[in-house]
Amino acid sequence: MHSSSHPVATVEHLSSHVGQTVTLRGWVYHKTSKGKLHFVQLRDGTGTCQCVLQRAQVGEELFEAVGRAGQESSLWLAGSVRQDARAPGGYEIDVSAGSVLQAVEGYPITPKEHGVDFLMDQRHLWLRSKRPWAVLRVRDAVITALRGFFDQRGFVCVDAPIFTPNACEGTSNLFEVPYFDSKAYLTQSGQLYAEAAAMALGKVYCFGPTFRAEKSKTRRHLTEFWMLEPEMAFATLDDVLDLAEAMLCHVVQEVLRRRKSELLALERDLSKLEAIVPPFPRLTYDEAAAILAKEQGSTFRYGDDLGAPDETLLSNRYDRPVMITRYPEQVKAFYMKRDPHNPGKVLCVDVLGPEGVGEIIGGSQREEDLDILLARLAEHKLPESYFQWYLDLRRFGSVPHAGFGLGLERTVAWICGLEHVRDASPFPRTIYRLTP
Ligand code: 4AD
Ligand code: MG
C-alpha cells in the first residue's frame, strides 16, 4: 500500500484527533523492538510521536519492513490516536497500516555525543535533531512576533538593497564584490535606506540579511546575519528606547505563548524569560563607566567602547536587558546625532541582553543637520560623493528621526539560552565556515 486512506494529521495537532485513525508521514527518529512489538518514534517536522506496531495487527510485511528501517528511514504510518500520559508528547498511535518509503542504515548522526565541528559539517542533516529543530521553531516565532509588533503599530516594511555602493557601519569589515566594471559592497545595515523610506512613509522597518567581514572568532559574531531595523520620522532617542523595550517584551511573551515545549526541549529556564517585563534599566555610558571602574578585574578605560567582558559584567547585574545610552562620539558611527547637553557624546543606545549574550540592539537618533553631517563624514574619512543621495534627506524636509537595529541571531540565542550565535542560524556563516 503506497498511500493511506486515512486523513493526514500532524504530531503538533494530535490532541484534536484522539480516538480517530489518522496517518502520520515522516521519518524514524528512534526505534526499539521487543519480540512482536516495534516502538517507532516518528518525527514529522512538527514533533515526534511514539507509534506502536504489533506483528499480529499490522501484518508480516509491514512489521518486517519497519524492522529493517534504520534511523531517518522515511515512512507513513496510520493508526488510532490514544492519549497516554506516559508517552513523551502525551499521545501514542496504535498502528494498523503503513509503508516504508525508503529504508536506510548508517545515518551519520546517532544518539551518541558528537563534536560541534562534526555536527556543523552535517548541518543539512543535523537540522532534523531535536535541539536545532526547536531553535528553528523559536526563530520562526521570533520573526512572526517581530513582524506582528511593527505591523500593529503602523510601521511599513520597506526592504533595503543588499548590493550597496558605500559603507554604513565603518569600512573595516566590508565585503567587497565585483559588480560588472566596478565594485559593490554587501550591505552592513539597511539603515540609510530605511531613513529615506521613513521620510516617504513615516514609520518603516527593513528586515533582511546583513554582512560583515568579522575576522574575530567569537561566540557573538557571524559574517552573515539578519537584522531588523525600524526607523521613525519625528522621533528622538527616548522614542527608540521605549520602542525597543516594548518590542523585546512582546517577542518574549509571544515565544513563551507559542513555543513553550520547544523552550523546554532546550532545557531553557522559563523563569528567566518570564522576568522580561518593563521597565528595563537605563544607564548612560558615564554611569556604566562608573560601575565598571569599581569592578574588580575590569580593563575598561573611560572613552573606549565597551568590550565583551565589560558588557557581560554590566548585564550580569540585571535580570532583564539593560539599555546604555550616550557613548563617546569617537567610538560610534558618523550618522549619530551629538547630544546637545553632553559634549562629546552621541544620542545612541546599545541594548545588552541578559545572561551574557552581549549587545542585541544598536540604535540612535540621527544627525539631521546637513553641515554637521558633512563634517562627520569628513572626520570618518567617508567619501562624500557616495553619500549625496543620503545628504538629500537633509536638504529636503529634514526632521528629527531615529531608529535601531536588532540582531536576529543574538536575540534567538538569548531567548533559547544558546552558548553561540551560530546555533541560532539554520546555515551559519563565520570566518571559518561557508559550508554546507
Ligand atoms: O550595532 P550595529 O552595528 O548597528 C547598525 O548596524 C545600525 N545601522 C542599526 C540601526 O540603527 N538601524 O548592529 C545592530 C545589531 C547588533 O546590536 C547585533 O545584535 C547585531 O546587529 N550584529 C551582529 N550579529 C551577529 N554577528 C555580527 N557580526 C553582528 N554585528 C552586529
Ligand atoms: Mg552596535
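Residues numbered from 1 in each chain as written. Chains lettered and ligands numbered in written order. Predicted model: local features only at pLDDT ≥ 70, side-chain atom pairs only at ≥ 80, totals over all residues. Heavy atoms only, no water.

K.L.:
I keep staring at the pattern of salt bridges and nothing clicks. Help me out?
P.N.:
Should the charged atoms of two oppositely charged side chains come close, the side chains can pair. Inspection of the entire model under this criterion finds 34 salt bridges. The residue Glu 311 makes a salt bridge to Arg 220 at a minimum N-O spacing of 3.2 Å. Linking Glu 311 in helix H11 (residues 308-315) with Arg 220 in the loop between strand E10 (203-211) and strand E11 (224-233), this pair joins segments that are 91 residues apart in sequence. Take Glu 311 and Arg 220: they sit in the same class, and that class is buried. One salt bridge in this structure joins Arg 282 and Asp 242, with 2.9 Å as the shortest N-O distance. You can see Arg 282 sitting in strand E12 (residues 282-284) and its partner Asp 242 sitting in helix H7 (residues 237-258), a full 40 residues away along the chain. Overall, the relative accessible area of 42% leaves Asp 242 in the partly exposed class. Through salt bridges with shared partners, a single ionic network connects Arg 82, Asp 84, Arg 86, Glu 92 and Asp 94. (Salt bridge = Lys/Arg side-chain N within 4 Å of Asp/Glu carboxyl O. Helix = DSSP H or I, 4+ residues; strand = E, 2+ residues; numbered from the N terminus. Buried < 20%, exposed > 50% of the residue type's maximum accessible area, 1.4 Å probe, protein only.)

K.L.:
Mind showing me how you'd approach the domain arrangement of the protein chain here?
P.N.:
Many structure descriptions define interface size as the accessible area lost when the parts assemble. Under the domain assignment, the protein chain is made up of domain 1 (11-102) and domain 2 (123-424). Distance from the C-alpha centre of domain 1 to the C-alpha centre of domain 2: 45 Å. Approximately 560 Å² of surface area, both sides summed, lies buried where domain 1 meets domain 2, with 35% of it carried by carbon and sulfur atoms. Viewed at the interface, domain 2 and domain 1 are joined by 2 salt bridges. With a shortest N-O distance of 2.9 Å, Arg 137 and Glu 12 are connected by a salt bridge. The interface formed by domain 1 and domain 2 includes 5 residue pairs in polar contact (both at pLDDT 80 or more). Grouping the constituent residues of the side of domain 1 that touches domain 2 by class yields 2 nonpolar, 4 polar and 3 charged. (Domains from an automatic or database assignment. Buried area = accessible area lost by both parts, 1.4 Å probe. Polar contact = N/O pair within 3.5 Å; in protein donor to acceptor, adjacent residues only side chain to side chain. Nonpolar A, V, L, I, M, F, W, Y, C, P; charged D, E, K, R; others polar.)

K.L.:
Before we go on, may I ask you to explain the pairing of strand E4 (residues 74-83) in this structure?
P.N.:
Along any regular strand the residues' side chains alternate between the sheet's two faces. A large share of E4 lies buried, amounting to 7 of its 10 residues. Relative to E4, strand E1 (residues 21-34) runs antiparallel, the two sharing 7 bridges. When the bridges of E4 are listed, Thr 21 appears paired with Ser 80. Here E4 pairs with strand E5 (residues 91-102) via 10 bridges, running antiparallel. (Pairing = 2+ DSSP bridges.)

K.L.:
How do you make sense of the site of ligand 1 when you look at a structure like this?
P.N.:
As a matter of local geometry, ligand 1 sits amid 23 residues, with Glu 169, Gln 191, Arg 212, Glu 229 and Glu 359 nearest to it. Glu 229 places a polar side-chain atom, nitrogen or oxygen, 2.7 Å from a nitrogen atom of ligand 1. Taken by itself ligand 1 offers 630 Å² of open surface, and the protein chains cover 94% of this. Where the shell around ligand 1 is concerned, the elements lending two or more residues are E11, strand E15 (358-365) and strand E16 (401-407). A total of 5 residues in the shell around ligand 1 trace back to one element, the largest contributor, which is E15. (Near = heavy atom within 4 Å. Areas by Shrake-Rupley, 256 points an atom, 1.4 Å probe, with all protein chains shown as cover.)

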